[in-house]
Amino acid sequence: MIEGLLIGLGAAFSIQNLLMVIAGCLIGTFIGMLPGLGPMSIIAIMIPVAITIGDPSAAIILLAGVYYGAIFGGSTSSILLNAPGVAGTVASSFDGYPMARKGQAGKALTIAAIASFAGGSIGALLLMIFAPMLSTVALLFHSAEYFALMVVGLSAIAAFAGTGNVAKAVLMTLLGLVMATVGEGALFNMPRFTMGLMDLQSGFSFITLAMAMFALPEALFLVLNPARSAQGNGGKIDNLRITREEGRKIAPVIGRQSIQGFFIGVLPGAGATIASFLGYAVERNIASKEEQEEFGKGAIKGLAAPETANNAACTGSFVPLLTLGIPGSGTTAILLGALIALNVTPGPRLMIDEPQIFWAVIISMYIGNLVLLILNLPLIPYIAKVLAIPRNYLIPFILFFTLMGSYIGQNNATELLILVGMGICATVLKFADYPLAPLLIGFILGGMLEDNFSRSMQLYDGIGFIFERPMTLGLLVIAVLLVVVPSYRARRAKARQEGVAEGD
Amino acid sequence: MTFDMGRRALMAAAAAFALTGPVAAEPVVDSIHFLIPGGAGGGWDGTARGTGEALTGAGLVGTASYENMSGGGGGKAIGYLIENADSQHGTLMVNSTPIVIRSLTGVFPHNFRDLTLVSGTIGDYAAIVVGKDSPLNSMDDLLAAFDADPSGTAIGGGSVPGGMDHLVAAMVMEAAGKDALAVKYIPYDAGGKAMAALLSGEIAALSTGFSEAVALAEAGEVKILGVTADERVAAYDAPTMQEQGIDTTFVNWRGFFAAPGLPEDKLVMYQEAITKMYDTPEWEAVRTRNGWVNIHNSGDDFQTFLEGQEQVIGDLMKKLGFL
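What counts, and where the lines are drawn
Residues numbered from 1 in each chain as written. Chains lettered and ligands numbered in written order. Predicted model: local features only at pLDDT ≥ 70, side-chain atom pairs only at ≥ 80, totals over all residues. UniProt positions renumbered as here; feature names shortened; annotations may be inferred. Helix = DSSP H or I, 4+ residues; strand = E, 2+ residues; numbered from the N terminus. Rg over C-alpha atoms; globule rule 2.2 N^0.38 Å. Buried ≥ 20, exposed ≤ 12 C-beta atoms within 10 Å, placed from the backbone. Contact = placed C-beta atoms within 7 Å. Core = buried A, V, L, I, M, F, W, Y, C linked by C-beta atoms within 7 Å. Domains from an automatic or database assignment. pLDDT = per-residue confidence, 0-100. Nonpolar A, V, L, I, M, F, W, Y, C, P; charged D, E, K, R; others polar. Axes fitted to C-alpha atoms, helices over the stretch in contact; angles between N-to-C directions. Parallel < 35°, antiparallel > 145°, perpendicular 65-115°, else oblique. Left-handed = near helix turned anticlockwise from the far one by under 90°. Arc of directions from axis to C-beta. Pairing = 2+ DSSP bridges. Expected span 1.5 Å × (residues − 1). Bend = angle between axes of the 7 residues up to and from the residue.

- As recorded in an unreviewed UniProt entry, chain B goes by the name Tripartite tricarboxylate transporter family receptor, listed as coming from Ruegeria denitrificans.
- Annotation of chain B in UniProt includes, under Sequence similarities (unreviewed entry), the sentence "Belongs to the UPF0065 (bug) family."

- Naming follows an unreviewed UniProt entry, where chain A appears as Tripartite tricarboxylate transporter TctA family protein of Ruegeria denitrificans.

Structure below.
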């Protein structure tokens, strides 16, 4: 391993490859900031460029840099505009956007940068040590376990049920799950619930839904409710720095989530999204009661957790890609395509046959994370200034990028109609105080939940898999605990308070 | 700041989406507009852009432009081409085997007869593979395992039930004299996840495209039990179904269609440009890079080929209860 490391160091520190990392991170960050442009489309755009480079190490380093950059840039639009462009950064907006509204945009971006850096670097370290071993662990997960894992992911909605109305959160989750069934599922060859509309045949697109649930209602709210935007402090960026106390608060979160996120990322198909939701749910559950109240209203822990987890998971997703040749997500699938086009075949033999590529990629992950941190910390005050743009310019800007984001990629004008229609429904729901995040969580997880459930049903000829596979049962028990324990604690605390009131 | 971001995105997009090569002397066709029924980055997208790159690079076509029109799993673009036939004489639409399957199930209201058939250009055979540590080493082993425990010998694939990978698995089992309906087919939504399921032992075998199977076999991950080609393919030495006594062949083709009522002289021009393309080094470069197999069917041959495929697939789908 030491020998491989040295080869990797030599390769990664060549001038050409260093330039590639820097270029990749820059391009990824800037394009990733645009709402609606996720890492998948950016990497797809960059592939022709990477292929012309010819040298496989340099090409994959460039693309990996773009990947991290895009994830990092994506958090910026989640935090500042409440417009997540990637499913993996949806959870970052839960607390990041409230922070930005409170005038702590600079601090939110700083926490995001540091959490991303830590998650990515610790992830890379874990990748280096565990990659060969982990490839076999990932294969212990069958469809049944994936189904259970999705259920655990869904329990993240408990975090929203706790702050508001449980029934409303559950209702919105169910709505999200129902919306996920629209279109041709992976398991049926007939379209469902499309009402005969061809444009619904592939289902709702994630980007359109995310924009309609988060960005559009937010922009409309700013128009309809000027008083609320006046609460923002006119874009003045104070508290860029994190206090020592805050640092102490988020350090254990970052530590836990780097590890948890990485291991979730290793599982093909789970990836950054689940890692970020789970990270959020877990950290909320183990936080103290006063801190729990803060979640969803701009808690620094609530931002640090998903930001760390999604970056660690991105790194983790390279384990199945590099050691098994299995892409765990849409983005790594595109990367795999690029590798094959460059005559590199990822798989168990990659480490033996072409160690320079394997190790150069890992080393450049560190460099990439470092570059991102160095690049972004000084830029934060300028990036955060986006919020200082007067409302009458900012809102059209958000609307423009929201519409563009949902049009690009699909090139389908009907998406725009769906976006506007849903956006209006979402705004009404928001006025009625229904939480929109559970809907999006239900939608994102719903498809995978259903696929894995019906696969398991088919494989085991019924529901027996829940009892036949201990790991499935274990995960389901965890999911139940994640939902029941917090609400039980909340109820008991409430009962105790009332008891005290009566005693008075 | 914000303007800068916009411009960067546009520049990157322009670089990627306007791949037009240098114009050589005497192009056969001045320009072709490629209509892609799916989003950027998919198989159709790669085929159209790769073909356009080779055609313009070799100077057979002056300029190429591309339009992605997703929706309806490809049905929207077909409808568009038919509705606007008169103004679309300069357009070629890329498509593949699913146009046959989806027309049969009625997901598409139209079928290939409603379009002008230009030519089938490339293809990929199908293959049945098992994990490298699997005790199965030939189709006979797989059939024996199936006979012993039909429900425990699940075959996975990357398509929906009734989709291509399922049909291939059913076709092979049928040709081997087994009951295609008894085959437990487990669908996965992407090839990678099906592969993970194979390695984890969730499924016994995987029905997949041959080029994908070759990449995995070269990486030492799978054994190819059988290929649906007429004879062994040069790219990788794996036994065919036929030499193992299973009389079946299957090609997942990709090719180009034009609007209905396309003038004959235009059609001949397009076909000529594509025929000449096969001999150019530009095409060879694109083809090798993507691992495609040349399977050229022009005009009437294309029609005969498609009708044959429609017949075979239609019969099988009826038997499986999808029609």
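**Considerations on the overall build of chain B**
1) Next: When its secondary structure is counted, chain B shows eleven helices and ten strands.
2) Next: Relative to its length of 323 residues, chain B is compact, with a C-alpha radius of gyration of 21 Å against a globular reference of 20 Å.
3) Next: Residues classed as buried in chain B amount to 51% of the 323 residues present.
4) Next: For chain B, restricting intrachain contacts to residue pairs at least 6 apart in sequence, the fraction spanning at least 24 positions comes to 76%.

**Comments concerning the overall build of chain A**
1) Next: A count of helical and extended segments in chain A gives 24 helices and zero strands.
2) Next: The buried share of chain A, taken over its 504 residues, is 61%.
3) Next: Of all intrachain contacts in chain A linking residues separated by at least 6 positions in sequence, the fraction that spans at least 24 positions is 80%.

**Quick look at the nonpolar core**
1) Next: The biggest cluster of nonpolar side chains holds 265 residues, and the ones touching the most others in it are Ile43(A), Leu63(A), Val361(A), Leu440(A), Val129(B) and Ala205(B).
2) Next: Summarising the domain contributions, this core has at least three residues from each of domain 1 (30–124 + 251–320) and domain 2 (125–244) of chain B.
3) Next: The residues contacting Leu440(A), other than those within four sequence positions of it, are Val90(A), Gly176(A), Leu209(A), Ala210(A) and Met213(A).

**Here we look at the environment of Thr47(B)**
All names here are of chain B.
1) Next: Along the chain, threonine 47 falls in helix H2 (residues 43–57).
2) Next: Exposure remark for threonine 47: the 23 C-beta atoms within 10 Å place this residue in the buried category.
3) Next: Remark: the alpha-carbon pair of threonine 47 and asparagine 95, spanning 48 residues in sequence, is separated by 9.1 Å.
4) Next: Setting aside anything within four residues of it in sequence, one finds threonine 47 in contact with Val94, Ile122 and Arg254.

**Comments concerning the confidence of the model for chain B**
Residue and element names in this part refer to chain B.
1) Next: Summary statistics for chain B give a mean pLDDT of 86 and a share of 91% for residues scoring 70 or more.
2) Next: Below pLDDT 50 for its whole length, residues 1–25 participates in 29 contacts with residues either more than four positions away or in separate chains.
3) Next: Quick note on the complex model: pTM equals 0.78, ipTM equals 0.77.

**Re the domain arrangement of chain B**
All names here are of chain B.
1) Next: Domain parsing of chain B yields domain 1 (30–124 + 251–320) and domain 2 (125–244).
2) Next: Centre-to-centre, using C-alpha coordinates, domain 1 lies 27 Å away from domain 2.
3) Next: In this complex, domain 1 contributes 13 residues to the contact, which on the side of domain 2 involves 14 residues.
4) Next: The set of elements that each furnish at least two residues to the side of domain 1 that touches domain 2 consists of helix H4 (98–105), strand E9 (251–258) and helix H11 (300–320).
5) Next: Examining the composition of the side of domain 1 that touches domain 2, we find that five residues originate from one element, H11, more than from any other.
6) Next: In the side of domain 1 that touches domain 2, the residues fall into seven nonpolar, four polar and two charged.

**Some details on the packing of helix H3 (residues 39–53) of chain A against helix H4 (residues 56–81) of chain A**
Residue and element names in this part refer to chain A.
1) Next: Where H3 contacts H4, the axes come no closer than 9 Å and their chain directions differ by 160°. In terms of orientation, H3 and H4 fall into the roughly antiparallel class. Here the hand of the crossing between H3 and H4 comes out right-handed. Contacts between H3 and H4 involve Pro39, Ile42, Ile43, Met46, Ala50, Ile51 and Ile53 from the former and Ala58, Ala59, Leu62, Leu63, Val66, Tyr67, Ala70 and Ile71 from the latter.

**Describing unusual backbone geometry**
Residues and elements named next belong to chain A.
1) Next: Its identity is not glycine, yet aspartate 433 carries a phi of approximately 70°, on the positive side.
2) Next: The exposure class of aspartate 433 is exposed, given the 9 C-beta atoms found within 10 Å.
3) Next: Here the phi dihedral of aspartate 461 falls at roughly 50°; this positive angle occurs in a residue that is not glycine.
4) Next: Its location among the elements puts aspartate 461 in the loop between helix H22 (437–459) and helix H23 (465–468).
5) Next: Aspartate 461 gets classed as exposed once you count the C-beta atoms within 10 Å, which come to 10.

**Remarks on helix H5 (residues 139–148) of chain B**
All names here are of chain B.
1) Next: Met139, Leu142, Leu143 and Phe146 are the residues of H5 that are buried. Viewed along the axis of H5, the buried residues span an arc of 95°, placing them on a single side of the element. Looking at H5, the residues exposed on the side facing more than 90 degrees away from the buried face are Ala144 and Ala148.
2) Next: Next to the buried residues of H5 lie strand E4 (116–131), strand E7 (205–209) and strand E8 (222–227).

**Quick notes on the pairing of strand E3 (residues 91–96) of chain B**
Residue and element names in this part refer to chain B.
1) Next: Counting buried positions over the six residues of E3 gives six, a clear majority of the element.
2) Next: Neither face of E3 is left uncovered, since the one carrying Thr91, Met93 and Asn95 and the one carrying Leu92, Val94 and Ser96 both have all their residues buried.
3) Next: For strand E1 (residues 29–36) and E3, the ladder comprises three bridges, and the chain directions are parallel. Across the sheet, histidine 33 pairs through a bridge with threonine 91, a residue of E3.

**Some thoughts on the packing of helix H5 (residues 90–101) of chain A against helix H13 (residues 271–286) of chain A**
All names here are of chain A.
1) Next: One can describe the packing of H5 onto H13 by two numbers: an axis separation of 8 Å at closest approach and a directional angle of 40°. Overall, the two elements H5 and H13 adopt an arrangement that is oblique. Here Ala91, Ser92 and Phe94 of H5 come into contact with H13, specifically with Ser276, Phe277 and Tyr280.
2) Next: Tallied by class, the residues present in the contact of H5 with H13 amount to four nonpolar, two polar and no charged.

**Topic: the environment of Met133(A)**
Residue and element names in this part refer to chain A.
1) Next: Here methionine 133 shows up in helix H6 (residues 105–138).
2) Next: We classify methionine 133 as exposed; it has 10 C-beta atoms within 10 Å.
3) Next: With 186 residues separating them in the primary sequence, methionine 133 and valine 319 have C-alpha atoms 9.6 Å apart.

**Structural notes on helix H10 (residues 206–224) of chain A**
Residue and element names in this part refer to chain A.
1) Next: An ideal rise of 1.5 Å per residue puts 27 Å on 19 residues; H10 measures up with 26 Å between its terminal C-alpha atoms.
2) Next: Along H10, the helix axis deviates most sharply at alanine 212, where the bend reaches about 40°.
3) Next: Counting buried residues in H10 gives 14 out of 19 residues, a clear majority hidden from the surface.

**Looking at the pairing of E1(B)**
1) Next: Sheet analysis places E1(B) next to strand E2 (residues 61–68) of chain B, joined by seven bridges and oriented parallel. Across the sheet, residue Leu35(B) finds its bridge partner in E2(B), namely Glu67(B).

**What about the confidence of the model for chain A?**
Residue and element names in this part refer to chain A.
1) Next: Of the residues in chain A, 88% reach a pLDDT of 70 or more, and the chain-wide mean stands at 81.
2) Next: Looking over chain A, one finds the lowest element-wise mean pLDDT in helix H11 (residues 226–230), namely 54, and the highest in helix H15 (residues 300–316), namely 91.
3) Next: Long-range and interchain partners of residues 230–235, a stretch whose pLDDT sits below 50, account for eight contacts in this model, where long-range means more than four residues apart.

**A few points about the environment of Tyr68(A)**
Residues and elements named next belong to chain A.
1) Next: For tyrosine 68, the position within the fold is in helix H4.
2) Next: Under the C-beta neighbour-count criterion, tyrosine 68 is labelled buried, with 28 such atoms within 10 Å.
3) Next: The spatial distance from the C-alpha of tyrosine 68 to the C-alpha of glycine 24 is 8.6 Å, given a sequence separation of 44 residues.
4) Next: Beyond its immediate sequence surroundings of up to four residues, tyrosine 68 is in contact with Cys25, Gly28, Gly120, Cys314, Gly368, Asn369 and Leu372.

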